[in-house]
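Breakdown of the fold
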Amino acid sequence: MAEKTIGIIVGSLRKGSFNKKIANFLMGSAPEGYTLERIEIGDLALYNQDFDEGENPTSYAPFREKIKSLDGVIFITPEYNRSVPGVLKNAIDVGSRPYGQNAWQGKPTLVISSSISNLSGFGANHHLRQSLVFLDMPVLQQPEVYLANVQNLFDDSGNLTNEDTADFLRQVLDAYAKFVERYF
Ligand SMILES: Cc1cc2nc3c(=O)[nH]c(=O)nc-3n(C[C@H](O)[C@H](O)[C@H](O)COP(=O)(O)O)c2cc1C
């Protein structure tokens, strides 16, 4: 079976982001036959529908082509004000247009949310899922992944040291890999 490439999109630009640390753990725990790769979204200009009829920001075309080339997508996001951070919504909007050229369509998807409280990003997780319905992205339904008190999961070097969470995330990746196989 050909190697599959899964894009990881993190909804935080913060240097010390806990969600980026989760992404690093996942990249180092990829199931056999899978490559997990971070896709940067911080350099995407704010989407403006006028771009669809004229000149695009230079960052758009490579991003859209990259998304189209992927075999699946993993979103890892914090919650901002009970929803997804604007930078993540912007990336989703950029990838979804021009109308009729939705780069996200059909990509098997995993959603992970986290927070530094007990809330675990539930609001962001489910607001994101609402957009994914319209984008026609099949989403792994179980297990759901909500990581609470995420700041307590790492050592000083940013490695995930909470073994329960590490085991859970490995199980999630296995379930996601099986889910992806259904689409090939
Ligand atoms: C603008 C803003 C809004 C936030 N809103 C929420 C929220 O609604 N719920 C929540 O649990 N945490 C909220 N937080 C706290 C985040 O969980 C916390 O900053 C987290 O570390 C962000 O993820 P990161 O470490 O990957 O950057 C908010 C943080 C910011 C900066």
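Cut-offs and rules
- Residues numbered from 1 in each chain as written.
- Predicted model: local features only at pLDDT ≥ 70, side-chain atom pairs only at ≥ 80, totals over all residues.
- Heavy atoms only, no water.
- Phe/Tyr/Trp six-rings, centres within 6.5 Å; stacked < 30°, edge-to-face > 60°.
- Lys NZ or Arg CZ within 6 Å of the ring centre and 35° of its normal.
- Near = heavy atom within 4 Å.
- Polar contact = N/O pair within 3.5 Å; in protein donor to acceptor, adjacent residues only side chain to side chain.
- Areas by Shrake-Rupley, 256 points an atom, 1.4 Å probe, with all protein chains shown as cover.
- Nonpolar A, V, L, I, M, F, W, Y, C, P; charged D, E, K, R; others polar.
- Core = buried A, V, L, I, M, F, W, Y, C linked by side-chain atoms within 4.5 Å.
- Buried < 20%, exposed > 50% of the residue type's maximum accessible area, 1.4 Å probe, protein only.
- Helix = DSSP H or I, 4+ residues; strand = E, 2+ residues; numbered from the N terminus.
- Contact = heavy atoms within 4.5 Å.
- Expected span 1.5 Å × (residues − 1).
- Arc of directions from axis to C-beta.
- Pairing = 2+ DSSP bridges.
- Salt bridge = Lys/Arg side-chain N within 4 Å of Asp/Glu carboxyl O.

By the naming in an unreviewed UniProt entry, the protein goes by NADPH-dependent FMN reductase and is assigned to Sphingobacterium gobiense.

For the rest of this paragraph, the subject is the packing of aromatic side chains. In this structure the tally under the stated criterion is six aromatic pairs. Sitting over the ring of Phe-18, Arg-14 keeps its end group 5.1 Å from the ring centre. A cation over an aromatic ring shows up here: Lys-21 above the ring of Phe-154, its NZ or CZ 5.8 Å from the ring centre.

Moving on to the site of the ligand. The ligand sits among 13 residues. The nearest are Ser-12, Arg-14, Ser-17, Asn-19 and Arg-82. The side chain of Ser-117 places a nitrogen or oxygen atom 3.4 Å from an oxygen atom of the ligand. If the ligand stood free it would expose 620 Å²; the protein chains cover 75% of that surface. Residues belonging to the shell around the ligand are distributed by class as follows: four nonpolar, six polar and three charged.

Counting 28 residues, the largest nonpolar core has Ile-22, Leu-26, Ile-74 and Ile-112 as the members making the most contacts within it. Of all elements in the fold, only strand 1 (4-10), helix 1 (18-27), strand 2 (34-38), strand 3 (72-78), strand 4 (109-114), strand 5 (145-147) and helix 5 (163-181) reach the threshold of two or more residues within this core. Ranked by residue count, the leading element in this core is helix 5, at eight residues. The residues touching Ile-74, leaving out its near neighbours within four places in the chain, are Ile-6, Gly-7, Ile-8, Ile-9, Leu-26, Leu-36, Leu-110, Ile-112, Leu-173 and Tyr-176. Core analysis: the second largest hydrophobic core is formed by 24 residues, Leu-128, Leu-132, Leu-135 and Met-137 among them.

All right, on to helix 5 then. The end-to-end C-alpha distance of helix 5, which contains 19 residues, comes to 27 Å, matching closely the 27 Å that a straight helix rising 1.5 Å per residue would cover. By the burial criterion, the buried members of helix 5 are Thr-165, Ala-166, Leu-169, Val-172, Leu-173, Tyr-176, Ala-177, Phe-179 and Val-180. Viewed end-on, helix 5 has its buried residues packed into an arc of 155 degrees, placing them on one side of the element. Projecting away from the buried face of helix 5 at angles above 90 degrees are the exposed residues Asp-164, Gln-171 and Lys-178. On its buried face, helix 5 sits against strand 1, helix 1, strand 2, strand 3, strand 4 and strand 5. Sitting at the amino-terminal end of helix 5 is Asn-162, which places a side-chain oxygen 3.2 Å from the backbone nitrogen of Asp-164.

The element strand 1 is largely enclosed, with a buried count of six among its seven residues. Here five bridges tie strand 1 to strand 2, and the two strands are oriented parallel to one another. Each residue of the ladder has a partner; that of Gly-7, found in strand 2, is Glu-37. Judged from the five bridges that link them, strand 1 and strand 3 form a sheet pairing that is parallel. Counterpart to Ile-9 in the pairing with strand 3 is Phe-75.

Here we come to the pattern of salt bridges. Under the definition given, this model contains seven salt bridges. Here Arg-38 and Glu-40 are joined by a salt bridge, their closest N and O atoms 3.1 Å apart. Take Arg-38: its relative accessible area is 22%, and that puts it in the partly exposed class. Put simply, Glu-79 and Arg-82 hold a salt bridge, and the shortest N to O gap is 3.4 Å. Looking at Glu-79, the relative accessible area reads 16%, which means it is buried.

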